[in-house]
Structure formats: structure tokens, C-alpha cells
Amino acid sequence: MGQALITLPVGPEELAARIAQVPRVHLAHLPTPLDACPRLSTALGGPQILVKRDDLTGLAFGGNKTRNLEFRMAEAIEQDADTVVVSLDVISNSARQTVAAANRLGLRTVLVLRGSSQHPIQGNLLVDHLLGAEIIMAEGDGVGAASESAVERLRQEGHRPFLLNASPMFAVASALAYCLTVLELREQVAALGLRADWVYLSSAGKGQAGVILGAMALGERFTTVGIAARRDPNREATTAAIANAAARLLGLGLTIAPGDVWNHADYVGAGYGLPTPEAIAAVQLVARTEGLILDPVYTGKAMAGLIDHIRSGRVRRDQTVVFIHTGGTPAIFAFGDRLLAEHPHSAT
């Protein structure tokens, strides 16, 4: 499916209309709020910080993946699936929200999770169990084979499985969802009489692709910065490719180059899923200034990146930053010892 090319920039109504032609189910509470964080801004000596509350999308503690799933699950329904199979990490926010979305739509879920069978049942994994997913644990490269085996078994049992990861829409859905987020942001920031200079978010690239695409399509001038939770030397190229696939789908005559993508892995630390002292300090600071809970795996590291960019002068004190809170709240319950052991009484 593709749409006729259109001259850029497009108006918000035209962009929304083009996205509306892509099959979609409605799962998220939208638009999510945009909250000012004056005490956090003061603690950092400026700039003005606004938080886009995508942790409040509604399904099972919310999060950014609920937006994506509106497009991913629509494809599964179009394929007449009765079961979705998806392979993700054991601590994945996406896994939790996928099961919740499937439950809402009357589908069953098989999660093939990368990790040890001895992984503690806490955080997101606890919620996965509570939601009733069938969970298969697999190590490393065995995830792909385990997913294919699960699909074949389900077919033999008479089910109609749909492997979410196997569809090109798996990544493009995120870009479409975050084009819509840019539309929301545009109205919300304007209603405050402001102009965004920066948009920061935790992203492996898929959601960031949508923010970049939406901004370019609408002629917005803010700079989008993704903070990665894991290292990937091909992140910029992958992000650009996803954005361009979404642009072709929508008939937007633009091309995004890897050089247009700012995605930083400087704040990953020792590795994926391992909190850093900077992330812990960022989680504590935001909680103690604004009563807002980040997580130490994704949003905490993204906020640590933003804080570092403010303190280093990359983000100026007279500018306005939108931080997209992509969710991940259940992770705090898996890292309680770290959250309290480091700087337990500090608010800076």
C-alpha cells in the first residue's frame, strides 16, 4: 500500500488523513498530557522542560508501545489471527503492552523471551504472567528458532498465529505512531505559547524515526535526540531506513539520511538492562522534584543524557525541551536495591 506523493511541508490535517488510511485499532488514551516541569528546570538551571506523558497511554502501566500496537495489532486482525507470537527481551516493556493489547482485542499471546528461565518473576515479567501470556524462555540466538517452533505448534493445534516480528509493519508501526505524536505535540506546545527546540526520548530508533519524519513532513524545526538503551553501530542507518519506509507508505516525498539521525549510546553504561549511577541519579532527581517516576533501564538513561547535555551547554538555558516519557514503570520494582543504595537522600 502506498499513497500519492504530496508537496512538502504538509499541513497537520493532511498528515493525519494520510496516516488514517493505514489500518489501525484504537487502544491508547490519546492525546497524552504535556506537563511542565518547573522544579526540574530550576534544579538544572534551565532550560524549560516539558514532559510528554506517554507513560499514560493506558494499557498495563502504559508506555510508548501501546501507540505502536494500534498499527501492529490491526495487521494481525486483518490476517484473521487468533494468536500473536512475538519475541522480545525478558525485561521488555513491549512484551507487557503486547499481551495487554491482545487481551483487549480477544487474542491470545505467546511471548518468546530472550533470557534465562531462572530470571526472577518481577517487574515486566511479573506483569506478563499476570496478564496470562504463554511464556517461552530462550537463550541468545535460540529466540528465532523458538518463535518459529511456537508458530508451527500453534498451527498444528488449529490456531491462526501471527508472528509480529516477521512483518515489516513491526518497525514502521512505531514511525507511524510517532508521526501522530508530533501532531499532538505541535498543538500542545503551541497552546502554551511556546516553540520546542529539542525533543528527547529513549529510543532504539523506531520511535525516533517517527518523530524525525513527522517534524520534517510538517516543517517543524526542533532537533530530535534519541538516547539508546543498548549499543548498535547501525542505529542511525536503521532509523533512517524505518523513517523512509514510513514516508513511502504515506506518500511523503522526502528522504531521511543517517546523518539526519542523532542517537546516542553514550549513556548505556555496562550494557542493556544494567542501570548506571547517572540513570539512578536522574530517576531520583525527577521523582523528588516533580513526583514523576522514570525507570532505570530506558527513561532514566534518556534523562541522564538530557541532564548531561544541559550541564555541558549543548542544550541552552533559554531553550525549550520536550522529553517524551516512554514508560517502563514496572522496572523500578526489579531494581529497588539499586534505586535506594545510590544517593538515597540526594535530590540532585
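First, a word on scope: everything that follows refers to the structure included in this document.

Cut-offs and rules
- Residues numbered from 1 in each chain as written.
- Predicted model: local features only at pLDDT ≥ 70, side-chain atom pairs only at ≥ 80, totals over all residues.
- Heavy atoms only, no water.
- Pairing = 2+ DSSP bridges.
- Helix = DSSP H or I, 4+ residues; strand = E, 2+ residues; numbered from the N terminus.
- Axes fitted to C-alpha atoms, helices over the stretch in contact; angles between N-to-C directions.
- Contact = heavy atoms within 4.5 Å.
- Expected span 1.5 Å × (residues − 1).
- Buried < 20%, exposed > 50% of the residue type's maximum accessible area, 1.4 Å probe, protein only.
- Core = buried A, V, L, I, M, F, W, Y, C linked by side-chain atoms within 4.5 Å.
- Salt bridge = Lys/Arg side-chain N within 4 Å of Asp/Glu carboxyl O.
- Parallel < 35°, antiparallel > 145°, perpendicular 65-115°, else oblique.
- Left-handed = near helix turned anticlockwise from the far one by under 90°.
- Nonpolar A, V, L, I, M, F, W, Y, C, P; charged D, E, K, R; others polar.
- Polar contact = N/O pair within 3.5 Å; in protein donor to acceptor, adjacent residues only side chain to side chain.

**With respect to the sheet that holds strand 9 (residues 262–264)**
Part 1: Pairing is mixed in the open sheet, where six strands are placed in the order 1-2-10-7-8-9. The open sheet has two edge strands with one neighbour each: strand 1 (34–36) and strand 9. When the angles between neighbouring strand axes are averaged without regard to direction, this sheet yields 25°.
Part 2: Direction of pairing for strand 7 (residues 198–202) relative to strand 8 (residues 223–227): parallel, over a ladder of five bridges. Following the sheet pairing, tyrosine 200 is matched in strand 8 by valine 225.
Part 3: Contacting strand 7, strand 8, strand 9 and strand 10 (320–325), helix 8 (residues 206–218) crosses the sheet at an angle of about 180° to strand 8.

**Some thoughts on helix 9 (residues 235–250)**
Part 1: The first and last C-alpha atoms of helix 9 sit 23 Å apart over 16 residues, in line with the 22 Å expected at 1.5 Å per residue.
Part 2: If you check which residues of helix 9 are buried, you get Arg235, Thr239, Ala240, Ile242, Ala243, Asn244, Ala246, Ala247, Leu249 and Leu250.
Part 3: Contact partners of the buried residues in helix 9: helix 1 (12–20), helix 7 (169–191), helix 8 and strand 9.
Part 4: Immediately beyond the C-terminal end of helix 9, within one or two residues, lies glycine 251, with a positive phi of roughly 75°.

**A few points about the nonpolar core**
Part 1: Ranked by size, the top nonpolar core spans 45 residues in total, and within it Phe71, Leu176, Leu213, Leu252 and Val322 carry the most contacts.
Part 2: Of all the secondary-structure elements, those providing two or more residues to this core are helix 1, helix 7, strand 7, helix 8, helix 9 and strand 10.
Part 3: Broken down by element, the residue count for this core peaks at 14 residues, all from helix 7.
Part 4: Those residues in contact with valine 322 that lie beyond four places of it in its chain are Leu34, Leu50, Lys52, Leu185, Val189, Ala196, Trp198, Val199 and Tyr200.
Part 5: By size, the runner-up hydrophobic cluster in this structure holds 28 residues, among which are Cys37, Ile49, Leu306 and Val315.

**Some words on the pattern of salt bridges**
Part 1: Within this structure, the stated rule accounts for 18 salt bridges.
Part 2: Put simply, arginine 114 and aspartate 89 hold a salt bridge, and the shortest N to O gap is 3.4 Å. Of this pair, arginine 114 sits in strand 4 (residues 108–114) while aspartate 89 sits in strand 3 (residues 83–89), and the two are 25 residues apart along the sequence.
Part 3: Aspartate 318 is the partner of arginine 316 in a salt bridge, and the nearest nitrogen-oxygen pair spans 3.0 Å.

**Description of the packing of helix 3 (residues 65–78) against helix 4 (residues 93–105)**
Part 1: At a minimum axis separation of 10 Å, helix 3 and helix 4 run at an interaxial angle of 50°. Comparing their axes, helix 4 and helix 3 come out oblique. The crossing of helix 3 and helix 4 is right-handed. For the pair helix 3 and helix 4, the contacting residues are Lys65, Thr66, Leu69, Arg72, Met73 and Ile77 in the first and Asn93, Ser94, Gln97, Thr98, Ala101, Ala102 and Leu105 in the second.
Part 2: Split by residue class, the contact of helix 3 with helix 4 holds six nonpolar, five polar and two charged.

**Digging into the side chain of serine 92**
Part 1: Of note, serine 92 is situated in the loop between strand 3 and helix 4.
Part 2: Of note is the side chain of serine 92, whose polar atom sits 3.0 Å from the backbone nitrogen of serine 94.
Part 3: Polar side-chain contacts of serine 92 include one of 3.0 Å to the backbone nitrogen of alanine 95.
Part 4: In contact with serine 92, other than residues within four places in its own chain, are Asn124 and Tyr298.

**Topic: the sheet that holds strand 6 (residues 161–163)**
Part 1: The four strands are arranged 5-4-3-6 in an open sheet whose pairing can be described as parallel. Only two strands of the sheet have a single partner each, and these edge strands are strand 5 (134–138) and strand 6. Within the sheet, the average angular offset between the axes of one strand and its neighbour, ignoring direction, is 25°.
Part 2: Summarising the sheet, strand 3 and strand 4 pair through seven bridges and their orientation is parallel. Its bridge partner lying in strand 4, aspartate 89 is registered against arginine 114.

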